[in-house]
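# Architecture at a glance
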Amino acid sequence: MTSNILRDITENPDLGITMADGTRLSARTWIPVDAAEAPVPAILEFLPYRKRDGTTGRDCLTHPYFAKRGYACIRADMRGNGDSEGVMEDEYSPQELSDAVETINWLAAQPWCSGTVGMMGISWGGFNALQVAALQPEALKAIITLCSTVDRYADDIHYKGGCLLNENLGWGGTMWSYSSKAPDPILRPDDWREIWMDRLENEPFLAAKWLEHQRRDTYWEHGSVCEDYSAIKAATLAIGGWGDAYKNAPPALIENLTAPAKAIIGPWVHKYPHFAIPEPRIGFLQEALRWWDHWLKEEDTGVQNDPLYRPYLMESVAPKSWYTERPGRWLAINDKPSTLPRETWHLSDTGLQKTPASLSKTINSPQTCGAHSGEYCAIWLGPELPDDQRGDDALSAVFQTEPLLESRDIVGAPQIKLTLSCDRPQGQIAVRLLDIQPNGASARITYGVLNLTHRSSHSAPQPMTPDRAEEVMLDLDHIAYRLPAGHRLGIAISTAYWPLIWPSPEVTTLTLSKGAISIPMRPSGNTDEWTFEKPEADTPWQTETIREASNSRKTTTDWTTGIVTLEIVDDFGKVKDSDHGLINGSIAREWYFINPDDPLSANARTHWSDELERDGIALRTEAMSEMYADATHFHLSGRMEAYENNVLVFEKDVQRSILRDNL
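Here the structure is a predicted model, which is why all the values come from computation and not from measurement.

A word on the side chain of Thr565. Along the chain, Thr565 falls in strand β27 (residues 564–577). Beyond its immediate stretch of four places on either side in the chain, Thr565 contacts Lys554, Thr555, Thr556, Tyr592 and Phe593.

Written as structure tokens, this is what we have:
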């Protein structure tokens, strides 16, 4: 077993790793000082999110912890980002994955490396860890993937159920901003400005690139490991959070991988589980260390005997947009998720019942239905979770049971089958599974959405035949949730879900004539079936606060025009690094506008402001994007402004119109 004696480490803020084409990537490293005499495995995190001022807070907690316990930790900036050279072409591009493989091979060949490598990351880093593992670099023996996906089309920030997510524009605006920032001038004193200008001139406007692919084509097949699960040979620990968008990958990976795999899902939003919210947090670093020690050092840490699946079963609580903790218990499951027993409920004119009954229900939701959906991906620690659903329920068709006589532990992905007709060639549905509480409050347990033209295929959509009944089926997101006795199980179905998804081009009316939902159940006790260690971490990032962070989310109605506006402002504050003195700050703003009666009134805008300062140099970028649509096209625009010491030194405008393809 690994010694309990911590090793002294040395940190390098700018280790250069030169790619075959001459592009220099910059990595921050933490390596035991004696690694040249006693080589250690390497752990790589490969990201665009700026190691110098972006992920620094979490890097400080995580990478030194592993390094002191016998690992070389490498946090590399991808090309075109942070302190690395080059320009980023796209997310998960062949160039990105090639660079990652080349980096792994370079690490394995270093005299301080034992020749084995692990890859770890959350979100982007979780995605490319899976994708790189599928390329099978020889040195890569294990990965830890957090908040990631196996299917880039069906389960990322672009499309869901064939519907366009507004997050496509939102995250496109985020990357428009992130990749526009300069390297730290102190690390590139001779050419930081040249690198900055090259990025500003050449970085892609990703929101438009992603919208060019509205079907599941070869563009999305690339990097979707579900295309061939058997390609992944590295041992895979998959972790997610019920408050996050990416909750379906861990069950999919343990269901389908032939390589050794385990899954953990907690109550968390899009954060590492040793500092995530809502609590309970877990000793993620200790759990990861057990994984690394076994697969990278060939020590028997018992991980192979861990349960296949450890989800956190959340208790019912009053619905609100933010929680600091969620009561519940940890489950230990050794069966694949698909094998858990199911209970079926039928939709009827009188509610939900155990036997089939007559159903005739029309649905025509205002375009503002979905206002209580929360963020698609809760990440910025503001009021981002779905709150009381009664406002959206009033705009939907709701079916509910009588008060339950005994509790139900829902563990898995509910599946709903509906027979319906639509009065237009295009339409969409949103289905929410509800916990309707004795006081009338309505909590969203899980949900799914479907573009009806994608009812049979995401790669070959077909318009609906107006007023002809068809059977459609969709899976809701995975969940683990206890519905208590005395509560009602509810299903809400709507024809709109704004601002989470973009509306269909016409107002639609659906008619339901049959429906049933199959819900996976897993009877559980009242105590934890698994116990994790308490969180540990290394020394937090030391900073001086210049501007405090804040988050706000406001909805307003213009009573003259009828336009309803959601305004989101996430001010991440402004800080000075106490070690090297770099100052950074950023503010993200989003606006979503729609008239309840007009889907073509939909409009979305983003505006990111980013600041970088040191030694008399003050840099700022203003990254703006907007999208609206008419009946035939999406219209996107972007504007980038860059300032040096408050003088405009660069500006660029982008305009794109993209044909709507059954969307």
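This brings us to the packing of aromatic side chains. Inspection of every chain in the model, using the stated rule, returns 30 aromatic pairs. Here Tyr92 and Phe127 contribute two aromatic rings whose centre-to-centre distance is 5.0 Å and whose plane-to-plane angle is 15°, an arrangement assigned as stacked. In this pair, Tyr92 is assigned in the loop between β4 (72–77) and α2 (94–108) and Phe127 in helix α3 (residues 124–135), connecting sequence segments 35 residues apart. You can call Tyr92 buried: its relative accessible area is 3%.

Turning our eyes to something else, we now look at the layout of surface pockets. Estimates place the volume of the largest pocket at around 1,300 Å³. Among the elements of the structure, α1 (56–67), α4 (167–178), β25 (543–547), β27, β28 (583–595) and β29 (598–614) are those that each provide at least two residues to the lining of the largest pocket. Residue contributions to the lining of the largest pocket peak at four residues, all from β27. Its boundaries defined by the atoms lining it, the second largest pocket holds a volume of some 910 Å³.

What follows concerns the pairing of β27. Where burial is concerned, most of β27 is hidden: 10 out of the 14 residues are buried. Examined bridge by bridge, β25 and β27 share four bridges and lie antiparallel to one another. Within β27, the residue paired with Glu544 across the bridge is Lys576. By the bridge criterion, eight bridges tie strand β26 (residues 550–557) to β27 in an arrangement that is antiparallel. Bridged to Lys554 within β27 is Glu567. In textbook terms, the turn of a hairpin is the stretch between consecutive antiparallel strands, and for β26 and β27 this stretch comprises six residues, one of which, Gly562, has a positive phi near 85°.

With that settled, consider the packing of α2 against α3. Pairs of packed helices are described in terms of their axes, by the angle between the two and the distance that separates them. Running from N to C, α2 and α3 cross one another at 75°; their axes reach a closest spacing of 10 Å. If you check the angle between α2 and α3, you find them roughly perpendicular. Touching Glu96, Leu97, Ala100, Val101 and Ile104 of α2 are Trp124, Asn128, Gln131, Val132 and Leu135, all from α3.

One broad trend across soluble globular proteins is that nonpolar side chains are buried collectively. If you look at the biggest cluster of nonpolar residues, it comprises 188 residues, and the most contacted ones within it are Phe66, Met119, Ile144, Phe284, Trp292 and Leu636. Looking at which element gives the most residues to this core, the answer is helix α9 (residues 284–297), with eight residues. Excluding anything up to four places from it in sequence, Phe284 contacts Met120, Ile144, Leu146, Ile239, Tyr272, Pro273 and His274. Counting residues in hydrophobic clusters, the runner-up holds seven residues, among them Val269, Ile277, Trp322 and Tyr323.

We now examine α1. For α1, spanning 12 residues, the distance from its first C-alpha to its last is 16 Å, which sits close to the expected 16 Å at 1.5 Å a residue. Most of α1 is tucked away: 11 of the 12 residues are buried. What α1 keeps buried is the set Thr56, Arg58, Asp59, Cys60, Leu61, Thr62, His63, Pro64, Tyr65, Phe66 and Ala67.

Put simply, α1 and α9 touch, their axes get as near as 11 Å, and they point 40° apart. The angle between the axes of α1 and α9 places the two elements in the oblique class. As for how α1 packs across α9, the hand of that crossing is right-handed. Here Leu61, Thr62, Tyr65 and Phe66 of α1 lie close against α9, whose contacting residues are Leu285, Gln286, Ala288, Leu289 and Trp292. Of the residues that constitute the contact of α1 with α9, the class distribution is seven nonpolar, two polar and no charged.

It is worth spelling out empty space enclosed by the protein at this point. Within the structure shown, the criterion is met by 10 cavities of 30 Å³ or more. Computed from the structure, the largest cavity encloses a volume of approximately 410 Å³. The element contributing the most residues to the lining of the largest cavity is strand β20 (residues 442–451), with five residues. Of the residues that constitute the lining of the largest cavity, the class distribution is 17 nonpolar, two polar and seven charged.

Under the defined criterion, the tally for this structure stands at 50 salt bridges. The salt bridge partner of Asp151 is Arg216, with a shortest N-O separation of 3.2 Å. Taken together, the positions of Asp151 in the loop between β6 (140–146) and β7 (159–160) and Arg216 in the loop between α6 (206–211) and α7 (218–221) put the pair 65 residues apart, joining distant regions of the chain. Via salt bridges that share partners, Arg547, Asp571, Lys574, Glu611 and Glu613 belong to a single interconnected network.

Rules and cut-offs
Residues numbered from 1 in each chain as written. Predicted model: local features only at pLDDT ≥ 70, side-chain atom pairs only at ≥ 80, totals over all residues. Heavy atoms only, no water. Helix = DSSP H or I, 4+ residues; strand = E, 2+ residues; numbered from the N terminus. Contact = heavy atoms within 4.5 Å. Phe/Tyr/Trp six-rings, centres within 6.5 Å; stacked < 30°, edge-to-face > 60°. Buried < 20%, exposed > 50% of the residue type's maximum accessible area, 1.4 Å probe, protein only. 1 Å grid on protein atoms, 1.4 Å probe; cavity = no way out; pocket = protein on both sides within 12 Å on 5 of 7 lines; lining within 4 Å. Points joined across faces, edges and corners; volume = space filled by probe spheres on them. Pairing = 2+ DSSP bridges. Axes fitted to C-alpha atoms, helices over the stretch in contact; angles between N-to-C directions. Parallel < 35°, antiparallel > 145°, perpendicular 65-115°, else oblique. Core = buried A, V, L, I, M, F, W, Y, C linked by side-chain atoms within 4.5 Å. Expected span 1.5 Å × (residues − 1). Left-handed = near helix turned anticlockwise from the far one by under 90°. Nonpolar A, V, L, I, M, F, W, Y, C, P; charged D, E, K, R; others polar. Salt bridge = Lys/Arg side-chain N within 4 Å of Asp/Glu carboxyl O.

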